Every structure is written in structure tokens, then in C-alpha cells.
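Chains, contacts and geometry: an overview
Residues per chain are reported as follows:
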Amino acid sequence: LEALGQRAVWIPVSPAVRSALGDDSADVEVSGNTWVEIIDVATEPTVQRDPVDDTRLVIGRHSRPDRLKWPADAEELRAAYPVDGSVRVRVLGGADPVADVLGAVPDTWEVSAFGSVEPVEFLAGLDAFVYFHHPDLTEAFGRTILEALAVGVPAVVPAHFEPIFGTACLYATPHTAIETVRALCDD
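Everything in this summary refers to the structure shown in the same document. Numbers given for residues are sequential positions, taken from 1 along each chain in its written order. Note on the predicted model: pLDDT of at least 70 is required for a residue's local features to be given, and 80 or more for side-chain atom pairs to be given and counted; whole-chain, interface and lining totals, by contrast, use all residues. Hydrogens and water are ignored here; the side-chain numbers use all heavy atoms of the structure.

1. A look at the pairing of strand E3 (residues 58-62)
Buried residues are those whose accessible area, probed at 1.4 Å on protein chains only, stays under 20% of the maximum for their type, while exposed residues exceed 50% and partly exposed ones sit between those limits. Starting at the N terminus, helices and strands are each numbered in turn, a helix being any DSSP run of H or I of at least four residues and a strand any DSSP run of E of at least two. Counted residue by residue, E3 has 5 buried out of 5 residues, so it is predominantly covered. The alternating pattern of E3 places Val 58, Gly 60 and His 62 and Ile 59 and Arg 61 on opposite faces, both of which are buried. Both E3 and strand E4 (residues 88-92) contribute to a ladder of 5 bridges, which runs parallel. Along E4, the bridge assignment pairs His 62 with Leu 92. With the strands pointing away from the viewer, any crossover whose connection runs clockwise from the first strand over the helix to the second is right-handed. For the handedness criterion, the β-α-β arrangement of E3, helix H2 (residues 74-80) and E4 is classed as right-handed. For two strands to pair, DSSP has to find at least two bridges joining them. Relative to strand E6 (residues 128-130), E3 is paired through 2 bridges, and the arrangement is parallel.

This is the structure we're talking about:
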């Protein structure tokens, strides 16, 4: 009010942001509309999704290298992103925060630094995008999930993203993520 000289109307980008803003009050008016993020697929570069020359599943994720972008629990992290080499795990954006949880970044993972590869190119090499994060993080939207879907890569994510993405994603827990991807690939 003081900065603009009038009461601002906030338009959330997701149900999570709407919840964080709370109900209308004397200081904050929340619009009934939600402006979700979009990607104009007509202007996005297209890539050919070639089969990877490997019999293992290829899962991956990209995000900023922040501890909140990764599961906090070692068992959940290993379940969603196997460390034994049974699944190819590709990471774009760095994985340094994983060392705080597991003691080291698994040498079986293929890790690329943030900005070293265009996300669309990275995503084209995946069988599935698997994204789980720290329980203390409330994702405002999930832009990286949208980017995966726009390239045609199935996204396996926690159920709290369902109000945003509806039937576009597959919903799992860290412990059922790989099973979900296998079932999809076997179908």
C-alpha cells in the first residue's frame, strides 16, 4: 500500500502460493485467478529423442544446486535416484548438496554443472524426469517439471504437484518412483 499508493492485488502462480498468501486481509488482496507458468512450445527448440544405447533406464533431473532441491533423507534419496548403477542417473545443475546427505556424490551418476547444457538437450536424453525435493521446500510451481513435459519426457513427481499438473504427471513417492518408471517403460 505504501509503495504503490493503493492496495495491490496478488495473483498466485500455483495453489501452493495461494495457500502461502492466505485469505484476503486489509494488506493483501488475493485474486481468484491463478496465473500458472507456461512454455510456448512453438518457440522452444525441438530435439529428437533418440533411444539411449543402454539397457538400463535413464532417469534425470535438473535444478539449482541447493540443498532444498534434494531429498533430506538418505534412504529416500537412494530410492528415487539409485546409487548402485542399476539405473542411469543424470543430473543437470550439480549435485553437491547430495554429499551432505550421502557423504559423497555417487560416482555412478552423470552430473553436469548448472548451465553447462541446455535443459531441452539434457531432457531429450532421459526416459523419465524424476523430481523429489527437501520436505522443507514448498515449490511455488515446478518449472523444471513443465520443461520436461514440454519436451515429451514423462515426469514422476510427488503427489503434492497434482493440483498444478493434473494428469500430465505420474505421481509416486521416492520409494515407488523407479517402479513407476519401469512400469511406464514396460507398458
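Having seen the model, we can carry on.
2. Some points on the sheet that holds strand E5 (residues 110-112)
The sheet built from 6 strands is open, its strands ordered E5-E4-E3-E6-E7-E8 with parallel pairing. Of all the strands in the sheet, the pair left with one neighbour each is E5 and strand E8 (170-171). Where E4 meets E5, 3 bridges bridge the pair, whose relative direction is parallel. Its bridge partner lying in E5, Arg 90 is registered against Glu 110.

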